[in-house]
Amino acid sequence: MKRTTMPHPTLSRAIGAGVALVTSALVGGAIAAPASAAGGAPSGAGSLASASVAAPAAASLAPASLAAAPAPAAPPATSTVDVTGPASTDATPYTAELTRWAADTWRSMAAMTDRATGLPADNIDGDLTPASASGFTSPTNIGGYLWSTLAVRDLGIIGGAEAHDRVATTIGTLETLERNAASGMFYNWYSPADGSKLTTWPENGTVVNPFLSTVDNGWLAAGLRMVANAEADNDPALSARARALYDSMDFGVFYDPQGKQPVLPAGANRGGFWETPPVGETGCEAPAYNGAPVTLVYTCHHYDTTVSESRIATYLGIVNGQIPASGMYGTFRTMPDGCDWSWQEQRPTGQNRVYDGLTVYEGAYSYDGMSFVPSWGGSMFEALMPSLLVPEEQWGPTSWGLNHPITVAVQEKHGEDAGYGYWGLSPSSNPAGGYREYGVDLAGMKADGYLSDQESTDVDQPYRDCPDADRGHNPDPSFGDGVVTPHASFLALGYDPAAAVANLRGIENDLHAYGPGGFYDAVAVKSGTIAKRYLSLDQSMVLAAVSNAVDHGAMRRHFADGQVRDALQPLMAAQTFSAAWATDDAVTVPGDGGAGGGGGAGEPGQPGTGTQPVGDPGPSTSDLADATTAAPTTALAATGSRAGDSAAWWAALALITVGAGAAGLLARAIRRRRDA
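Residues numbered from 1 in each chain as written. Predicted model: local features only at pLDDT ≥ 70, side-chain atom pairs only at ≥ 80, totals over all residues. Heavy atoms only, no water.

Participant: I would appreciate a short explanation of the overall build of the chain in the present structure.
Facilitator: Across its full length, the chain carries 17 helices and 22 strands. Residues counted as buried form 68% of the 676 residues belonging to the chain. Approximately 18300 Å² of the chain is accessible, and the part contributed by carbon and sulfur atoms is 52%. (Helix = DSSP H or I, 4+ residues; strand = E, 2+ residues; numbered from the N terminus. Buried < 20%, exposed > 50% of the residue type's maximum accessible area, 1.4 Å probe, protein only. Areas by Shrake-Rupley, 256 points an atom, 1.4 Å probe, with all protein chains shown as cover.)

Participant: What is the right way to look at helix α3 (residues 139-154) in this model?
Facilitator: Since the α-helix packs 3.6 residues into each turn, any two residues three or four apart lie on the same face. The terminal C-alpha atoms of α3 lie 23 Å apart, and with 16 residues this matches the ideal 22 Å at 1.5 Å per residue to within 8%. Most of α3 sits out of view: 15 of its 16 residues are buried. Glycine 156, located one to two residues past α3, shows a positive phi value of around 80°. (Expected span 1.5 Å × (residues − 1).)

Participant: Where do I start with the packing of aromatic side chains in this structure?
Facilitator: Two aromatic rings, taken as a pair, are described by how far apart their centres are and by the angle between their planes. All told, the structure shown has 20 aromatic pairs when counted by the stated rule. Where tyrosine 329 meets tyrosine 355, the ring centres are 5.4 Å apart and the plane angle is 5°; that geometry is what we call stacked. With tyrosine 329 in the loop between α7 (311-319) and β11 (349-355) and tyrosine 355 in strand β11, this residue pair connects regions lying 26 residues apart in the sequence. Aromatic side chains tryptophan 400 and phenylalanine 577 sit 5.1 Å apart centroid to centroid with 75° between the ring planes, which places their arrangement in the edge-to-face category. Here the residue tryptophan 400 occupies a position in helix α10 (residues 400-417), and phenylalanine 577 occupies one in the loop between α15 (562-574) and β22 (610-612), the gap between them amounting to 177 residues. For the pair shown, tryptophan 400 and phenylalanine 577 are each scored as buried. A connected cluster of aromatic rings, assembled from ring pairs, spans Phe251, Phe254, Phe273, Tyr289 and Tyr298. Here lysine 197 stacks its cationic end above the ring of tyrosine 187, 4.3 Å away from the centre of that ring. (Phe/Tyr/Trp six-rings, centres within 6.5 Å; stacked < 30°, edge-to-face > 60°. Lys NZ or Arg CZ within 6 Å of the ring centre and 35° of its normal.)

Participant: Help me understand the sheet that holds strand β10 (residues 295-298) in this model?
Facilitator: Within a beta sheet, neighbouring strands are joined by backbone hydrogen bonds and run either parallel or antiparallel to one another. Taking strand neighbours across the sheet as the criterion, the four strands line up as β5-β8-β10-β9 in an open arrangement whose pairing is antiparallel. One side of each edge strand has no neighbouring strand; the edge strands of this open sheet are β5 (211-213) and β9 (284-287). Direction aside, the axes of adjacent strands within the sheet are offset by 35° on average. Helix α5 (residues 214-230) rests against β5 and β8 (272-274) of the sheet, and its axis sits at about 60° to β5. (Pairing = 2+ DSSP bridges. Axes fitted to C-alpha atoms, helices over the stretch in contact; angles between N-to-C directions. Contact = heavy atoms within 4.5 Å.)

Participant: Help me understand the state of the cysteines, please; the structure alone is not making it clear to me.
Facilitator: Two cysteines, two sulfur atoms, one covalent bond between them: this is a disulfide. Applying the stated criterion across every chain, the model contains two disulfides. Between the sulfur of cysteine 284 and that of cysteine 300 lies a disulfide, 2.0 Å long from S to S. Handedness of the cysteine 284-cysteine 300 disulfide follows from its S-S torsion of about 110°: it is right-handed. Pair noted here: cysteine 284 is in strand β9 and cysteine 300 is in the loop between β10 and α7, with a separation of 16 residues, a long-range link. With relative accessibility at 22%, the residue cysteine 300 sits in the partly exposed group. (Disulfide = S-S within 2.5 Å.)

Participant: Would you take a moment to explain the side chain of glutamate 345 for this structure?
Facilitator: Note that glutamate 345 resides in the loop between α7 and β11. Here glutamate 345 occupies a buried position and makes no salt bridge, while the nearest side chain of opposite charge, arginine 471, is found at 4.2 Å. (Lys, Arg positive; Asp, Glu negative; His and termini not counted. Salt bridge = Lys/Arg side-chain N within 4 Å of Asp/Glu carboxyl O.)

Participant: How do you make sense of the nonpolar core when you look at a structure like this?
Facilitator: Generally speaking, a soluble globular protein has its nonpolar side chains buried in company with each other. In terms of nonpolar packing, the biggest core is built from 159 residues, with Leu98, Leu174, Leu389, Phe490 and Phe559 touching the most fellow members. When residues of this core are assigned to their parent elements, the largest contribution, 10 residues, is made by α5. Once residues within four sequence positions are removed from consideration, leucine 98 is found in contact with Ala91, Phe490, Leu493, Val501, Val546, Ala549 and Val550. Counting residues in hydrophobic clusters, the runner-up holds five residues, among them Phe136, Leu198, Trp201 and Val208. (Core = buried A, V, L, I, M, F, W, Y, C linked by side-chain atoms within 4.5 Å.)

Participant: Would you mind showing me how to read the environment of proline 324 here?
Facilitator: Mapped onto the secondary structure, proline 324 falls in the loop between α7 and β11. When the C-alpha positions of proline 324 and tyrosine 255 are compared, they lie 9.2 Å apart, and in sequence the two are 69 residues distant.

Participant: What should I look at first to understand the pattern of salt bridges in this one?
Facilitator: If the charged atoms of two oppositely charged side chains come close together, the side chains can form a pair. For the structure shown, the criterion picks out 23 salt bridges. With a shortest N-O distance of 3.1 Å, arginine 100 and glutamate 508 are connected by a salt bridge. On the criterion of sequence distance, the pair formed by arginine 100 in helix α2 (residues 95-112) and glutamate 508 in helix α12 (residues 497-509) is long-range, its members being 408 residues apart. A relative accessible area of 36% places arginine 100 in the partly exposed class. Between arginine 347 and aspartate 337 there is a salt bridge, and its shortest N-O distance comes to 2.6 Å.

Participant: I tried to follow the packing of α5 against α7 on my own but got confused; where do I start?
Facilitator: The relative placement of two packed helices is expressed as an angle between their axes plus a distance between the axes. Where α5 meets α7, the closest approach of the two axes is 8 Å, and the angle between their N-to-C directions is 60°. Relative to α7, α5 is oriented oblique. In terms of crossing hand, the pair formed by α5 and α7 is left-handed. Touching Thr214, Gly218, Trp219, Ala221, Ala222 and Arg225 of α5 are Ile312, Ala313, Leu316 and Val319, all from α7. Class assignment of the residues belonging to the contact of α5 with α7 gives a composition of seven nonpolar, two polar and one charged. (Parallel < 35°, antiparallel > 145°, perpendicular 65-115°, else oblique. Left-handed = near helix turned anticlockwise from the far one by under 90°. Nonpolar A, V, L, I, M, F, W, Y, C, P; charged D, E, K, R; others polar.)

In structure tokens, the structure reads:
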């Protein structure tokens, strides 16, 4: 994510979870937020380091929202994860079970939503008591509520009339919300009760610096586009209103044409901006990138990692003609090779490839013989959330088509290797209170986490062929009380539905992390401690994932129309990641690079790409180091086409750019969490 601070969907989430993680959340936001009662500061998705977008931290989870379930039963017997090839993606056998889970999940989403405004709260306690709903919401929450309403309508959980009324109410409120005049973008925090822009945090009165988040606006715009498409035949007038809101949002305002050049070959998105210098935050002033005659205070970090939830904003900008197609190449697959980059989790292997005259280092990490393009934190949310709406693995068969199922297999294998008996790591509520970023350490560029257990076990392996690197202090640790979040399993439905459903059954029946609104947000697998809270963002991912699995990619059909396909599919199809499944003779020590880079999808000389051996692809810069400190999603088989990866860059960019400080914020904001 990023080092700069900014609000993110993740941010919202973190706050909602009681953690002031606004800035760093998944999306990668660099928004600085006041520490919450739980000691966290809200952060935006994508940026963990500094929080440039101040958002007051939410109160920590109340004792009543945490519960230790009866001692969990012995973990279910798990067969060895197949690391040599993809699993079946047929979810048909699980339709009844998935639909039941979706109906319960909708109960919590409906309980969070103010029927008068149509705005969902960020979170609500596990008993669904109305008074426990948070007093804030974000653009990501609102966008997720819009597509969730479409999902449950399509699944038959609610009727068409109710769905229409709910969507129309939300669109009507959005038409009245205060926005940025130079871009049409929405602020990161509003009151669900009346739609007012928040300038003080409702729980403690802390000052909020109004921030406009790249990632959060991306998810709201996505929801608006889906409503416009879904209602085109049912209610043309409502469709036109949703389209007008969508068309008024200019993603060019976030796109810095310089980006990380010359280390990266193209521009990249900033995490977001403030209209005036924020109190207690650090920003970088610049003329508005979209040409508006104003000076804005941008986050100093970019979204510069490819595998990031923030890529949704890049996709939208390219589709709309507001960001050039080269924006797909302004993010890191991994940090460059070479000992100067030994701060990253693994030394990558890979090669340079040339796309449209731009040279891209196609680096990869390794886990148990599988090679893959990592995210910032190694979480499911970063990798797979955009694929809920964009058929990336279909449009990009040699890029996302390999990386997504391998990412799922890495998560499954880590659960097995760590002795958890369960898997699915992603930012979520912390069963001990607050909000926290969880992930597979070796699958993320951030050297010290996201970590997968409550003990914060940090895997630190030697950095290959770099004897002076201060690495290798904890190469093969024992893991403790792992924390899994159900939304991560739902994100995996499009790639390994059998394993995902089996995992969820265990979480429901053996770990007892299930309540009146569906799966609780997270559970520690050894102690059985449950975070009895529902987060709007996570629930919206669950509903989108089920809709895609049961209704043949319905969410993707609503979003990925012909214009989206024509703009993105050719770009995704052209790219070849250095991702590959393990082979029988592959080295099976995670992190050693044995089966990494270039071993699978694209060898030098492959038709359609130019390749070059890579030594040290670029100079080390402090700016890049900062960028890499920052910073999640379900890829369901869709009927569309195949999709690529440019949006992912943005999300990753945010994560990288923010840096360690923002990362902390991001963590808090991760689930609301994408801000920055």
